[in-house]
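So you can see what is in the structure, the chains are spelled out below.
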Amino acid sequence: MKKRLNTIAAFVFAGVLLCIGIYQAAEYQRLKRSCTSEIWGTVTRVRYINRSGYRADVEFSVNDRTYNFYTGRSIRRIGEENLIVRYDPDDPHDCYSQDYSPSSGLLWIFIAAVFAVMGVLEIQKKTSQE
């Protein structure tokens, strides 16, 4: 019974992680397609996230209107004052830093594949024991 639960749990985790990965990959591709303009943005604040690094708040202006966002990845070069920002000319709220782009989802998809393989191996081990 415990092995069966392990197998089910492995496939459930794989499914959830795969969904997260596919969502992030789709969002990343949407941003890459729609964000066709670039402008220099200014780092207004750097926040310590955890041991892995920092996240920067970035501000940029388009058509006399100011927009804010934070970088999606840890930033190691804290002293940066300006970053290149890619944005959607129709909706500048859709933006990202070219230097620190959002997650492509590939890591989540890879981890999902690992859990799926674990589930398959658990099934094969169970059938070979019978």
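About the criteria used
- Residues numbered from 1 in each chain as written.
- Predicted model: local features only at pLDDT ≥ 70, side-chain atom pairs only at ≥ 80, totals over all residues.
- Heavy atoms only, no water.
- Helix = DSSP H or I, 4+ residues; strand = E, 2+ residues; numbered from the N terminus.
- Contact = heavy atoms within 4.5 Å.
- pLDDT = per-residue confidence, 0-100.
- Pairing = 2+ DSSP bridges.
- Patch = residues over 30% accessible without salt bridge, like charges linked within 9 Å, V, L, I, M, F, W, Y side chains within 5 Å.
- Areas by Shrake-Rupley, 256 points an atom, 1.4 Å probe, with all protein chains shown as cover.
- Salt bridge = Lys/Arg side-chain N within 4 Å of Asp/Glu carboxyl O.
- Phe/Tyr/Trp six-rings, centres within 6.5 Å; stacked < 30°, edge-to-face > 60°.
- Core = buried A, V, L, I, M, F, W, Y, C linked by side-chain atoms within 4.5 Å.
- Buried < 20%, exposed > 50% of the residue type's maximum accessible area, 1.4 Å probe, protein only.
- Axes fitted to C-alpha atoms, helices over the stretch in contact; angles between N-to-C directions.

Caption draft 1: Fine view of the overall build of the chain. Broken down by element type, the chain carries two helices and five strands. Within the chain, contacts between residues at least 6 apart in sequence are counted, and of these 58% link residues at least 24 apart.

Caption draft 2: Focus on the confidence of the model for the chain. Of all residues in the chain, 85% attain a pLDDT of 70 or more, and the chain-wide mean is 81. The least confident element of the chain, judged by mean pLDDT, is helix H2 (residues 106-129) at 80; the most confident is strand S3 (residues 65-70) at 91.

Caption draft 3: Geometry of the pairing of strand S2 (residues 53-62). Here strand S1 (residues 37-50) pairs with S2 via seven bridges, running antiparallel. Bridge pairing links Arg47 to Arg55 in S2. Note: S2 against S3, six bridges, orientation antiparallel. From the neighbouring strand, Phe60 faces S3, where its bridge partner is Tyr67. Linkage of S2 to S3, two consecutive antiparallel strands, is achieved through a turn of two residues, within which Asn63 is found at a positive phi near 50°.

Caption draft 4: Examining a nonpolar patch on the surface more closely. Residues Leu5, Ile8, Val12, Val16, Ile20 and Trp108 make up a contiguous nonpolar surface patch of about 500 Å² in total accessible area. With five residues, the single largest contributor to the nonpolar patch is helix H1 (residues 2-34). Position of Ile20 among the secondary structure elements: in helix H1.

Caption draft 5: Inspection of the pattern of salt bridges at higher detail. Counted according to the given criterion, the structure contains four salt bridges. Several salt bridges share partner residues, and in doing so they unite Glu27, Arg30 and Asp94 into one network.

Caption draft 6: Quick look at the packing of aromatic side chains. For the structure shown, the criterion picks out four aromatic pairs. Three or more aromatic residues joined by ring pairs make a cluster, and in this case those are Phe60, Tyr67, Phe69 and Tyr87.

Caption draft 7: Layout of the nonpolar core. Ranked by size, the top nonpolar core spans twelve residues in total: Val43, Ala56, Val58, Phe60, Val62, Tyr67, Phe69, Leu83, Val85, Tyr87, Cys95 and Tyr100. Put simply, the parts of the chain that give this core at least two residues each are S2, S3 and strand S4 (82-87). It is S2 that provides the largest number of residues to this core, a total of four residues.

Caption draft 8: Looking closely at the sheet that holds S3. The five strands are arranged S3-S2-S1-S4-S5 in an open sheet whose pairing can be described as antiparallel. Edge positions in the open sheet fall to S3 and strand S5 (95-97), since each of these has one partner strand only. Neighbour-to-neighbour, the strand axes of the sheet open up by a mean angle of 35°, direction not taken into account.

Caption draft 9: Geometry of the environment of Thr7. Locating Thr7 in the fold gives a position in helix H1. Residue classification places Thr7 among the buried residues on the basis of a relative accessible area of 11%. Linking Thr7 and Val120, residues 113 residues apart in sequence, is a C-alpha distance of 7.8 Å. Contacts of Thr7, omitting those with residues within four sequence positions, involve Gly119, Glu122 and Ile123.

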